[in-house]
Amino acid sequence: MKEKIIEVNNLQTSFYTHLGEVQAVRGVSFNVAKGEVLGIVGESGSGKSVTSMSIMKLVSYPGKIKSGEILFRGEDLAKKTDKEMLSVRGDKISMIFQDPMTSLNPVYTIGNQIIEAIIRHQNVGKDEAREKAIEMLKLVGIPSPEERIDNYPHEFSGGMRQRAMIAIALSCEPDLLIADEPTTALDVTIQAQIMELLKELKNKVDTSIILITHDLGVVADTCDKIIVMYGGLVMERGSAQEIFYTPKHPYTMGLMKSIPRLDAGDDGRLIPIPGTPPDLIKPPTGCPFSARCPYAMKICTQEMPGYTKFGEGNEAACWLLHKDAPEVEVDTGVVRGDVNAK
Ligand code: SF4
């Protein structure tokens, strides 16, 4: 069994606003093993980004980690001070964001920014750091890295800037890379290239990756396992195979129907999920998806369903999966594959 790099247990993070407590993350658990890629998928407001910011302890005021454990190689990050976290961020855990332009410093060359990261985290001199920076640019697929290293961020395209950010993040040789919507600001072709790059890097550098996205389609062949979040809770978890070919939760099925796919055929229309996410100041007592779920029953609004397990690491929280639930024909949104959601 592979070593667990990070284990999050019952994480709860809230924002204490003048309107009340926004319960953004309401008890989330997962783990990521060495070299594994975990996808955290959900719409905006599902709690996925707050989960990643909690791991980095970058939740800013009025937000606060309320409870839970964030065990990073056995040490609880939730208990670390801001000062102690300085040696974790960048060094052991790196993060890349949606818009690389906000993370890159426009007045320094790309090379200087990578070299600075290398010198700060590895015991090397300036010349060796420059060599390593060129190697990193080559690793992330920047053409003519020996010349491009002296370019400024504005001289790079959006896709190249994201590649440069990935190079900076990896230059610290982190155990864990968190990529929060890394392709959202990029056009579709570049998105595919960046995802391909992350997939290649997973094999080359053995870094564990948490990939956060609103787009289930993005994680299809990059992630080993996926958690689907909604209303601050995990609705379903499983291997990428299980989530894509046998989704069990109506919310996952809804996300499936909203992915553009080549194999969908002529009638493969994209169907957005109607409605809006729940108010997390007063989260619903029952299933958070009940107001938007086409299969909602009376009990769904009254009580939160427990998790039904389907195998190791595959489970979903839905009353339809309860042994006493009525037989309902569900549209899983899966185009191919032998699917039976019950
Ligand atoms: Fe829909 Fe009920 Fe299942 Fe929630 S518990 S997803 S409302 S059927």
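All of these numbers come straight from a predicted model, not from anything done at the bench.

K.L.:
Summarise the site of the ligand; cite the residues concerned and give the values.
P.N.:
Close to the ligand lie 13 residues; Cys287, Cys293, Cys300, Cys318 and Trp319 are nearest. Among the detected pockets, the ligand sits in the largest cavity. The residue inventory of the shell around the ligand, partitioned by class, reads 11 nonpolar, 2 polar and no charged.

K.L.:
Tell me about the packing of helix H7 (residues 158-171) against helix H8 (residues 188-205), residues and numbers included.
P.N.:
For the pair H7 and H8, the least separation of the axes is 10 Å and the interaxial angle reads 20 degrees. With respect to each other, H7 and H8 are oriented roughly parallel. Both H7 and H8 take part in a crossing whose hand is right-handed. Across the interface between the two elements, Gly159, Gln162, Arg163, Ile166 and Leu170 of H7 pack against Ile190, Gln193, Ile194, Leu197, Leu198, Leu201 and Val205 of H8.

K.L.:
Explain the sheet that holds strand E5 (residues 75-76) to me, and be specific about the residues and the numbers.
P.N.:
Taken together, 4 strands build an open sheet; the order of strands is E2-E1-E4-E5 and the sheet is antiparallel. Here the strands that pair on one side only, and so sit at the sheet edges, are strand E2 (20-33) and E5. Running over the sheet, helix H1 (residues 48-56) touches strand E1 (4-17), E2 and strand E4 (63-72) and is turned about 110 degrees from E1.

K.L.:
Before we move on, could you go through helix H5 (residues 126-139) and cite the residues and values that matter?
P.N.:
Here H5 contains 14 residues, and its C-alpha end-to-end distance of 20 Å stays within 8% of the 20 Å for a straight helix at 1.5 Å per residue. Residues of H5 that are buried include every one of Ala129, Ala133, Ile134, Met136 and Leu137, and no others. Take H5 and look down its axis: the buried residues cluster within an arc of 160 degrees, on one side only. Turned more than 90 degrees away from the buried face of H5, the exposed residues are Asp127, Glu135 and Lys138. Positive phi shows up at glycine 141, right after H5, with a value of about 80 degrees.

K.L.:
Can you break down the sheet that holds strand E3 (residues 37-41) residue by residue, with the values?
P.N.:
Spatial ordering of the open sheet is given by E6-E7-E8-E3-E9-E10-E12-E11, a layout of 8 strands whose pairing is mixed. Edge positions in the sheet fall to strand E6 (93-96) and strand E11 (307-311), since each of these pairs with one other strand and no more. For this sheet, the mean angle separating the axes of adjacent strands, direction not counted, is 20 degrees. Pairing analysis gives 4 bridges linking E6 to strand E7 (residues 176-180), with the strands arranged parallel. Following the sheet pairing, isoleucine 96 is matched in E7 by alanine 179.

What counts and what doesn't
- Residues numbered from 1 in each chain as written.
- Predicted model: local features only at pLDDT ≥ 70, side-chain atom pairs only at ≥ 80, totals over all residues.
- Heavy atoms only, no water.
- Near = heavy atom within 4 Å.
- 1 Å grid on protein atoms, 1.4 Å probe; cavity = no way out; pocket = protein on both sides within 12 Å on 5 of 7 lines; lining within 4 Å.
- Sits in = over half its atoms within 2 Å of the grid points.
- Nonpolar A, V, L, I, M, F, W, Y, C, P; charged D, E, K, R; others polar.
- Axes fitted to C-alpha atoms, helices over the stretch in contact; angles between N-to-C directions.
- Helix = DSSP H or I, 4+ residues; strand = E, 2+ residues; numbered from the N terminus.
- Parallel < 35°, antiparallel > 145°, perpendicular 65-115°, else oblique.
- Left-handed = near helix turned anticlockwise from the far one by under 90°.
- Contact = heavy atoms within 4.5 Å.
- Pairing = 2+ DSSP bridges.
- Expected span 1.5 Å × (residues − 1).
- Buried < 20%, exposed > 50% of the residue type's maximum accessible area, 1.4 Å probe, protein only.
- Arc of directions from axis to C-beta.

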